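Reading the structure
The chain contents come next:
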Amino acid sequence: MEAENLTELSKFLLLGLSDDPELQPVLFGLFLSMYLVTVLGNLLIILAVSSDSHLHTPMYFFLSNLSFVDICFISTTVPKMLVNIQARSKDISYMGCLTQVYFLMMFAGMDTFLLAVMAYDRFVAICHPLHYTVIMNPCLCGLLVLASWFIIFWFSLVHILLMKRLTFSTVTEIPHFFCEPAQVLKVACSNTLLNNIVLYVATALLGVFPVAGILFSYSQIVSSLMRMSSTEGKYKAFSTCGSHLCVVSLFYGTGLGVYLSSAVTHSSQSSSMASVMYAMVTPMLNPFIYSLRNKDVKGALERLLSRADSCP
């Protein structure tokens, strides 16, 4: 078959986490439960923020956007994996795989941007409290989110258009439970040098710049807190950052774990297990971190649930 025709009838086989047939029902139940908890938890955050006027502030506006992105992020991979487990199949079409790659890059990139924007919001709130409402006005908040979507849309589009130029064999095995971009490039039949360069550049830009923004924001926050004389004031100011710091640590910690597991061990199974933490556990824990550590969110959720209970 001609090389340029390889992708016309090609499909990918997602090898998943285990070939043990007795383990498949356990994996199905576990991942279905995690998926439902993630969607429900993040949906409750969105509903609480939108329905409670006390939470109509920039911090919670960004939090509701983060919850929306987390729902989309986990929905890109888990439903297909559940269908494959239930159908005892490993197939995913060529276009289905590229679609997964595109949306994975988009929503992962949006996570990094939103975490950076939320760090900037905390920086303005603590370091410039008198000008907070002026600086973090609704127009700027909306512009920051729209700009993030615009940038990540084009980065993802460029990467997927370059990937469409690649050729694959008619049946290609991917040692993963979803079409992870780096794994897809590894199994391509054609030269992937340009794709890898673009992927590394995009990872650097979408990873380094948001991390640099987060580190700068918190360096200024710490510097401002050190100048405060009141211990109670320091604790109250920094407590507003606690949930965000936990989410940042979880997100980048699991992402670093995926990178190290693939770079150091070269084991597809360990890389897949690390990706479970990154792609499933992190979006699932985010709403719990914000609701358990934040009195305003807990109060809004209680009011939301009480209104739901009072409805006939």
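Everything numeric in this text was worked out from a predicted model, so none of it was measured. (Residues numbered from 1 in each chain as written. Predicted model: local features only at pLDDT ≥ 70, side-chain atom pairs only at ≥ 80, totals over all residues. Heavy atoms only, no water.)

1. Let's talk about the overall build of the protein chain
The number of helices and strands found in the protein chain is ten helices and three strands. Listing each helix as α and each strand as β along the protein chain from the N terminus yields β-α-α-β-α-α-α-β-α-α-α-α-α. By residue count, 46% of the 312 residues in the protein chain fall in the buried class. Taking as baseline every contact in the protein chain between residues at least 6 positions apart, the subset at least 24 positions apart corresponds to 79%. Surface exposure of the protein chain reaches about 15900 Å², of which carbon and sulfur atoms provide 69%. (Helix = DSSP H or I, 4+ residues; strand = E, 2+ residues; numbered from the N terminus. Buried < 20%, exposed > 50% of the residue type's maximum accessible area, 1.4 Å probe, protein only. Contact = heavy atoms within 4.5 Å. Areas by Shrake-Rupley, 256 points an atom, 1.4 Å probe, with all protein chains shown as cover.)

2. What to know about the sheet that holds strand β2 (residues 91-93)
Spatially, the three strands line up as an open sheet ordered β2-β1-β3, and their pairing is mixed. Strand pairing shows two members of the sheet lacking a second neighbour, β2 and β3 (171-174), which therefore form its edges. For this sheet, the mean inter-axis angle between neighbouring strands, taken without regard to orientation, is 35 degrees. Helix α3 (residues 94-127) contacts β1 (11-14), β2 and β3 of the sheet and is inclined by roughly 80 degrees relative to β2. (Pairing = 2+ DSSP bridges. Axes fitted to C-alpha atoms, helices over the stretch in contact; angles between N-to-C directions.)

3. A word on the state of the cysteines
Under the definition given, this model contains one disulfide. Cysteine 127 forms no disulfide, and the closest cysteine sulfur to it belongs to cysteine 241, at a distance of 8.9 Å. (Disulfide = S-S within 2.5 Å.)

4. A few points about the packing of aromatic side chains
Across all of its chains, the model carries 13 aromatic pairs by this definition. With a centroid separation of 5.2 Å and 80 degrees between ring planes, the pair formed by tyrosine 102 and phenylalanine 103 is classed as edge-to-face. The structure contains a cluster of three or more aromatic residues connected by ring pairs, namely Tyr102, Phe103, Phe107 and Trp149. (Phe/Tyr/Trp six-rings, centres within 6.5 Å; stacked < 30°, edge-to-face > 60°.)

5. Regarding the UniProt feature "transmembrane region" (unreviewed entry) in the protein chain
The feature "transmembrane region" (unreviewed entry), as annotated in UniProt, sits at residues 26-49, 61-82, 102-120, 140-162, 197-216, 237-260 and 272-292 in this numbering. With 100% helix and 0% strand, residues 26-49 has end C-alpha atoms that lie 35 Å from one another. End C-alpha to end C-alpha, residues 61-82 measures 32 Å, and it is 100% helix and 0% strand. (UniProt positions renumbered as here; feature names shortened; annotations may be inferred.)

6. Observations concerning α3
The periodicity of an α-helix, 3.6 residues per turn, causes residues three or four positions apart to be oriented the same way. A rise of 1.5 Å per residue sets the reference length of α3, with its 34 residues, at 50 Å; its end C-alpha atoms lie 50 Å apart and thus fit the reference within 8%. With 27 of its 34 residues buried, α3 lies for the most part within the structure. (Expected span 1.5 Å × (residues − 1).)

7. Things to note about helix α5 (residues 138-163)
Taking 1.5 Å of rise per residue, 26 residues should cover 38 Å, and α5 covers 38 Å from first to last C-alpha, within 8% of that figure. Of the positions making up α5, those classed as buried are Cys141, Val145, Ser148, Ile152, Ser156, His159, Ile160, Leu162 and Met163. Regarding α5, its N-cap is asparagine 137, as a side-chain oxygen of that residue lies 3.1 Å from the backbone nitrogen of cysteine 139 further along. (Polar contact = N/O pair within 3.5 Å; in protein donor to acceptor, adjacent residues only side chain to side chain.)

8. Overview of the pairing of β3
Of the two faces of β3, only one is covered, namely that formed by Thr172 and Ile174; the face formed by Val171 and Glu173 stays uncovered. Sheet topology note: the β1/β3 ladder contains four bridges and is parallel. From the neighbouring strand, lysine 11 faces β3, where its bridge partner is valine 171.

9. So, the pattern of salt bridges
Inspection of the entire model under this criterion finds one salt bridge. The partner of arginine 122 in a salt bridge is aspartate 121, and the shortest N-O contact between them spans 2.8 Å. Taken individually, arginine 122 and aspartate 121 each receive the classification buried, so the pair is uniform in this respect. (Salt bridge = Lys/Arg side-chain N within 4 Å of Asp/Glu carboxyl O.)

10. Regarding the confidence of the model for the protein chain
Chain-level pLDDT for the protein chain is 83 on average; 88% of the residues reach the 70-or-more range. Ranking the helices and strands of the protein chain by mean pLDDT puts α5 first, with 93, and helix α10 (residues 295-310) last, with 72. (pLDDT = per-residue confidence, 0-100.)

11. Brief notes about the side chain of asparagine 195
Structurally, asparagine 195 is set in helix α7 (residues 193-226). Relative accessible area serves as the criterion here: at 1%, asparagine 195 is assigned to the buried category. Once you skip the residues sitting within four places of it in the chain, asparagine 195 turns out to touch His159, Leu162, Met163, Leu166 and Leu185.

12. Notes on unusual backbone geometry
For arginine 88, which is not a glycine, the phi torsion comes out positive at approximately 55 degrees. Here arginine 88 is to be found in the loop between α2 (58-87) and β2.

13. Quick look at the nonpolar core
Judged by nonpolar contacts, the single largest core of 85 residues is most densely connected at Phe31, Met163, Cys179, Val184 and Met280. It is α3 that contributes the most residues to this core, 21 residues altogether. With residues up to four places along the chain from it excluded, the contact list for cysteine 179 reads Leu14, Ile92, Cys97, Gln100, Val101, Leu104, Ile174 and Val184. (Core = buried A, V, L, I, M, F, W, Y, C linked by side-chain atoms within 4.5 Å.)

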